[in-house]
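Notes for the structure review
The lines below spell out each chain.
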Amino acid sequence: MSIRKNIQNIREAITETAIACNRDPATIKLLAVSKRHSIESIQEAIAAEQFLFGENYIQEAQGKRERISNANFHFIGHLQSNKAKVAAEIFSMVETVDRIKLANALNKHLEKLEKKLDILVQVNIGYDQNKSGVAPEQTQALLEKIQSLPQLRAKGLMTIPPFSTNLEETRVHFKNLRKLSQKCATKNLFFDNNNVELSMGMSHDYTVAIEEGSTFIRVGTAIFGTRPV
Ligand SMILES: *Cc1c(COP(=O)(O)O)cnc(C)c1O
């Protein structure tokens, strides 16, 4: 199936799922995860009016950014503090801020660039040893520290739940992320506490994520096919 057709199918699924759970489909943004896929694949997606992409590797993203100017990129991979400078330059959002050291590094480079950056705090909602992310009970403290960094706009939370083929198990994690975001919003810890973003849901579980309140779904395989190794 073509990239264009895949994107159309996902848009339809977003609309159907949103309507079925009484949400406005426009509040759900599709992030096309293009890691390890070619520039040509990204251009095919752009031709289908997909203008938002997710990348996991700084160097790869830098090369793509240089050749593609009519789209925005979110960083969704693990970010080392020593790569914060490039990240501050090329991404419209960094979704994986999970420690104060990284937030400080981003803030420092953004000051020099005289730029503000939207970020999400990545939460390890399922206490998965193989995943990055701040522990749920440390999320508030991290958001409080980020509030004192003037270049960062904490827009919401992001998570990658432990992999499961049982979508009802995954749903519990999505629900927990949403509850945590609501708790943080009542304490005014976000940039806009009436519009908190939740980045959750991938190719196999994005409809469940939408049912649980996701505002960014991150879809790779269902758009571009299996990733080249
Ligand atoms: C690769 C990746 C995705 C996309 O996963 P698919 O299963 O291919 O849709 C989403 N989020 C993150 C953080 C990723 O690293």
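As the structure is a prediction and not an experimental result, all values here were calculated from the model. (Residues numbered from 1 in each chain as written. Predicted model: local features only at pLDDT ≥ 70, side-chain atom pairs only at ≥ 80, totals over all residues. Heavy atoms only, no water.)

**Concerning the pattern of salt bridges**
To keep things clear, this is the line we draw: The salt bridge definition used is simple: a Lys or Arg side-chain nitrogen within 4 Å of an Asp or Glu carboxyl oxygen. Working definition: helices are DSSP H or I runs of at least four residues, strands are E runs of at least two. Numbering for both runs from the N terminus. Partly exposed describes any residue whose relative accessible area lies between the buried limit of under 20% and the exposed limit of over 50%, with all areas from a 1.4 Å probe on protein chains only and scaled to the type maximum.
Counted under the stated rule, the structure contains eleven salt bridges. One salt bridge in this structure joins K85 and E89, with 3.4 Å as the shortest N-O distance. In this pair, K85 and E89 are both assigned in helix α4 (residues 84–90), four residues apart and thus about one turn of the helix distant. Overall, K85 belongs to the partly exposed group, its relative accessible area being 45%. Exposure remark for E89: the relative accessible area of 37% places this residue in the partly exposed category. Among the ionic pairs, D98 bridges to R99, the shortest N-O distance being 2.7 Å. D98 sits in the buried class, given a relative accessible area of 12%. Where salt bridges share partners, they join E168, R171, K175, E211 and E212 into one cluster.

**Let's talk about the packing of helix α2 (residues 39–47) against helix α3 (residues 58–67)**
Under the convention used in this document: Axis geometry follows a simple rule: fit a line to the C-alpha atoms, using only the stretch in contact for helices, then measure angles between N-to-C directions, giving values from 0 to 180 degrees. If an angle is under 35 degrees, it is roughly parallel; if it is over 145, roughly antiparallel; if it lies from 65 to 115, roughly perpendicular; otherwise it is oblique. A clockwise turn of the near helix away from the far one marks a right-handed crossing, whereas an anticlockwise turn of less than a right angle marks a left-handed crossing. Contact criterion: two residues are considered in contact whenever any of their non-hydrogen atoms come within 4.5 Å of each other. Put simply, Ala, Val, Leu, Ile, Met, Phe, Trp, Tyr, Cys and Pro go in the nonpolar bin, Asp, Glu, Lys and Arg in the charged bin, and everything else, Gly too, in the polar bin.
Two elements in contact, α2 and α3, have axes separated by 11 Å at closest approach and are oriented at 55 degrees. Judged on the interaxial angle alone, α3 and α2 are oblique. Considering how the two elements wind past one another, α2 and α3 form a crossing that is right-handed. Residues I39, E40 and I42 of α2 touch α3, and the partners they reach there are G63, K64 and R67. Residue composition of the contact of α2 with α3, by class: two nonpolar, one polar and three charged.

**A short note on the site of the ligand**
As a reminder of what qualifies: Residues are labelled near a given molecule or strand when at least one of their non-hydrogen atoms is within 4 Å of it. Pairs of N or O atoms within 3.5 Å make up the polar contacts considered here, provided that, within protein, one atom can donate a hydrogen while the other can accept it, and that residues adjacent in sequence are counted only when both atoms are side-chain atoms. Per-residue accessibility takes into account occlusion by the displayed protein chains alone, with areas from the Shrake-Rupley method and a 1.4 Å probe.
Inspection of the region around the ligand gives 13 residues, with K35, N56, S203, G220 and T221 positioned closest. K35 has a polar side-chain atom sitting 2.7 Å from an oxygen atom of the ligand. Out of a free accessible area of 390 Å², the ligand has 90% covered by protein chains. When grouped by side-chain class, the residues that make up the shell around the ligand number six nonpolar, four polar and three charged.

**Things to note about the nonpolar core**
Convention followed: To define a nonpolar core, start from buried Ala, Val, Leu, Ile, Met, Phe, Trp, Tyr and Cys residues and group those joined through side-chain atoms within 4.5 Å.
Within the largest apolar cluster, 65 residues are counted, with the highest numbers of intra-cluster contacts made by V94 and L106. Sorting elements by how many residues they give to this core places helix α1 (residues 3–20) first, with six residues. Apart from the residues lying within four places of it in its own chain, the contact partners of V94 are F75, L79, A87, L106, L117, D118, I119 and L120. Counting eight residues, the second largest nonpolar core, distinct from the first, contains V33, L52, M158 and F216.

**Topic: unusual backbone geometry**
Of note, the phi angle at E114 is positive, near 50 degrees, even though the residue is not glycine. Within the secondary structure, E114 sits in the loop between α5 (100–113) and β5 (117–122). For E114, a relative accessible area of 73% translates into the label exposed. Phi at N188 is positive, roughly 55 degrees, even though this residue is not glycine. Considering the arrangement of structural elements, one finds N188 in the loop between α7 (167–186) and β7 (197–199).

**Thoughts on the environment of A209**
Locating A209 in the fold gives a position in helix α8 (residues 206–211). Considered as a pair, A209 and H173 are 36 residues apart in the sequence and their alpha carbons are 9.5 Å apart. Setting aside its immediate chain neighbours within four residues, A209 contacts F174, M200, G201 and S214.

Honestly, it's all geometry; don't read function into it.
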